[in-house]
Amino acid sequence: MGKVAVAFAAAAVVAACSVAALMVGRRMKSRRKWRTVVEILKELEDACDTPVGRLRQVVDAMAVEMHAGLASEGGSKLKMLLTFVDDLPNGTEKGTYYALHLGGTYFRILRVHLGGQRSYLDVQDVERHPIPSHLMNSTSEVLFNFLAFSLERFIEKEGNGSSSQGVKRELAFTFSFPVKHTSISSGVLIKWTKGFEISEMVGKDIAECLQGALNRRGLDMHVAALVNDTVGALSLGYYHDPDTVVAVVFGTGSNACYLERTDAIIKCQGLLTTSGSMVVNMEWGNFWSSHLPRTSYDIDLDAESSNSNDMGFEKMISGMYLGDIVRRVILRMSQESDVFGPTSSVLSEPYLLRTNSVSVMHEDDTPELQEVARILKDLGVADVPLKVRKLVVKICDVVTRRAGRLAAAGIAGILKKIGRDGSGGITSGRSRNEIQMQKRTVVAVEGGLYMNYTMFREYMEEALVEILGEEVSQYVVVKAMEDGSSIGSALLVASLQSS
Ligand code: ADP
Ligand code: MG
């Protein structure tokens with residue numbers, strides 16, 4: 001071999017070696033990057049861990065906070081608000097009633113017709129529309145004029161059939177935000193949640209605002225009750241099944257109410273009702289306990305929200321926020337590794353990933369996870385390999401599993417407070433073995449997250465059995481109430497008219 005040939009061969013070997021070294025280097029680098037995302041995932045899993053022992057601590061904390069909130073005004077982050085609802089619809093109601101429901105994402109209008117028997121409940125013309133986003137930070141006048149206008153259109157469509165001439169239409173206003181009631185038909189807004197920000201409305205009487213707008217439009221409608229959405233769900237639950245004593249909503253936000261003995265509402269000494277009880281709106285979205293498994297993503301989400309240091313529980317378990325927690329995890333992974341490839345700035349946009357999309361990705365059963373690929377593409381993350389798509393599904397699972405399990409702990413906390421968890425309540429000093437005669441207890445549940453996200457629902461129901469144990473669980477029935485908030489509120493107005 002000549003010198004030139006030797007030099008050429010040597011150069012070829014060096015080149016081959018450096019290509020190989022480059023490839024090995026890249027592979028190692030990519031393995032390191034993969035290791036980084038696996039570590040981030042592991043950290044997330046650990047931080048979101050909810051073994052049953054921890055859930056029981058949350059159960060106890062919920063029950064303790066309920067007591068504290070009932071004992072004194074401001075005694076707990078749980079406001080435990082009076083609703084002035086002491087009698088729930090029992091099936092004998094008659095007539096035609098309306099409900100207008102302002103939720104977090106949707107507003108709904110419907111009419112119910114009642115024939116005096118439980119089986120005769122006719123829900124008519126349910127209208128559901130997204131709340132136009134500009135209304136969320138408009139003025140009270142703009143918001144209520146819009147609601148009155150929507151009601152007017154609804155009524156115009158009725159023709160003459162539904163209300164006899166000259167008879168006022170009785171309306172329930174279902175309002176899914178915290179209200180301090182002075183009666184069943186009046187109350188002032190305490191604060192906004194779920195991204196609403198119309199500050200001049202805080203402290204105003206909500207029913208009065210709506211009635212004013214209806215009057216201005218010349219509508220012959222009477223706001224007969226101002227009803228929290230959870231109370232509406234409880235009313236529908238009770239109408240169908242009088243063992244219903246708790247109602248929980250998992251929609252854009254989350255909240256619960258339950259039937260409490262008036263003598264347990266210590267902050268209102270001398271509160272008298274004919275039934276001896278009153279529905280208490282817990283406003284449980286604001287529940288907080290050091291036992292809640294909080295991650296850095298929760299802390300950042302809270303800090304950047306319009307209501308920071310508020311609604312901590314809601315931000316871990318409800319539809320408005322789950323998508324954003326998942327987005328934050330993906331964003332961090334994409335910043336600390338290149339497994340998501342070159343990502344666009346879209347991924348940094350708060351609330352861009354909706355919880356609806358999280359459930360679609362989580363429940364994607366296509367062989368190549370095409371739905372995950374499609375949704376990631378919309379987030380500015382295109383062409384990720386299957387193993388990264390699987391990683392995203394896992395993130396959805398971790399976040400939703402935590403939410404479902406914490407939701408179950410919240411429900412078990414209420415059951416504990418009212419002595420329906422098999423332990424005899426927190427004040428009785430009974431041991432867990434000494435199970436009280438267990439009463440059948442129905443928990444009415446509604447809201448888009450619960451109704452539509454199967455994995456959330458399954459995790460919640462599974463954890464409830466885990467916490468309560470098989471035996472006690474047999475007595476606890478969780479019942480879905482589709483549109484319960486709105487229908488139930490109309491039933492509540494009906495029961496007021498006939499009592
Ligand atoms: P509102 O909160 O306005 O009363 P809903 O109770 O219908 O309305 O809840 C709507 C919310 O529920 C949505 O904003 C979303 O967060 C959640 N949601 C609805 N459908 C789904 C779904 N398929 N998967 C996951 N979350 C969902
Ligand atoms: Mg709702």
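Residues numbered from 1 in each chain as written. Chains lettered and ligands numbered in written order. Predicted model: local features only at pLDDT ≥ 70, side-chain atom pairs only at ≥ 80, totals over all residues. Heavy atoms only, no water.

> Explain the site of ligand 1 to me, please; I cannot follow it from the model alone.
Close contacts around ligand 1 come from 18 residues, with Thr105, Tyr106, Thr252, Ser359 and Gly448 the closest. Threonine 105 has a polar backbone atom sitting 2.7 Å from an oxygen atom of ligand 1. Residue asparagine 356 places a side-chain N or O atom 3.5 Å away from a nitrogen atom belonging to ligand 1. Considered on its own, ligand 1 offers 570 Å² of accessible surface; in the complex 89% of this is hidden by protein. For the shell around ligand 1, the elements supplying multiple residues, two or more each, are strand 3 (106-115), helix 8 (319-336), helix 9 (355-362) and helix 12 (448-452). Partitioning the shell around ligand 1 into residue classes produces four nonpolar, twelve polar and two charged. (Near = heavy atom within 4 Å. Polar contact = N/O pair within 3.5 Å; in protein donor to acceptor, adjacent residues only side chain to side chain. Areas by Shrake-Rupley, 256 points an atom, 1.4 Å probe, with all protein chains shown as cover. Helix = DSSP H or I, 4+ residues; strand = E, 2+ residues; numbered from the N terminus. Nonpolar A, V, L, I, M, F, W, Y, C, P; charged D, E, K, R; others polar.)

> Looking at this structure, how should I read the pattern of salt bridges?
Enumeration according to the criterion identifies 29 salt bridges in this entry. The residue glutamate 336 makes a salt bridge to arginine 332 at a minimum N-O spacing of 3.0 Å. Separated by four residues within a single helix, glutamate 336 and arginine 332 lie in helix 8, roughly one turn from each other. The exposure class of glutamate 336 is partly exposed, given its relative accessible area of 39%. (Salt bridge = Lys/Arg side-chain N within 4 Å of Asp/Glu carboxyl O. Buried < 20%, exposed > 50% of the residue type's maximum accessible area, 1.4 Å probe, protein only.)

> In this structure, what is going on with the nonpolar core? I would like to understand it.
Buried together is how nonpolar side chains tend to be arranged in soluble globular proteins. Ranked by size, the top nonpolar core spans 86 residues in total, and within it Phe250, Met282, Trp284 and Phe340 carry the most contacts. In terms of residue count, helix 11 (residues 386-417) provides more of this core than any other element does, 17 residues in total. In contact with methionine 282, other than residues within four places in its own chain, are Met62, Met66, Leu78, Lys79, Met80, Asn255, Ala256, Cys257, Tyr258 and Ile414. Membership of the second largest hydrophobic core comes to 35 residues, among which are Met136, Leu151, Ile155 and Ala207. (Core = buried A, V, L, I, M, F, W, Y, C linked by side-chain atoms within 4.5 Å. Contact = heavy atoms within 4.5 Å.)

> Help me understand the packing of helix 10 (residues 370-378) against helix 11 in this model?
In helix packing, the relevant descriptors are the interaxial angle and the interaxial distance, both defined with respect to the helix axes. Look at helix 10 against helix 11: their axes get within 10 Å of each other, and the N-to-C directions meet at 85°. The angle between the axes of helix 10 and helix 11 places the two elements in the roughly perpendicular class. Contacts between helix 10 and helix 11 pair Val372, Ala373 and Leu376 from the former with Arg389, Val392 and Val393 from the latter. Its residues placed into classes, the contact of helix 10 with helix 11 shows five nonpolar, no polar and one charged. (Axes fitted to C-alpha atoms, helices over the stretch in contact; angles between N-to-C directions. Parallel < 35°, antiparallel > 145°, perpendicular 65-115°, else oblique.)

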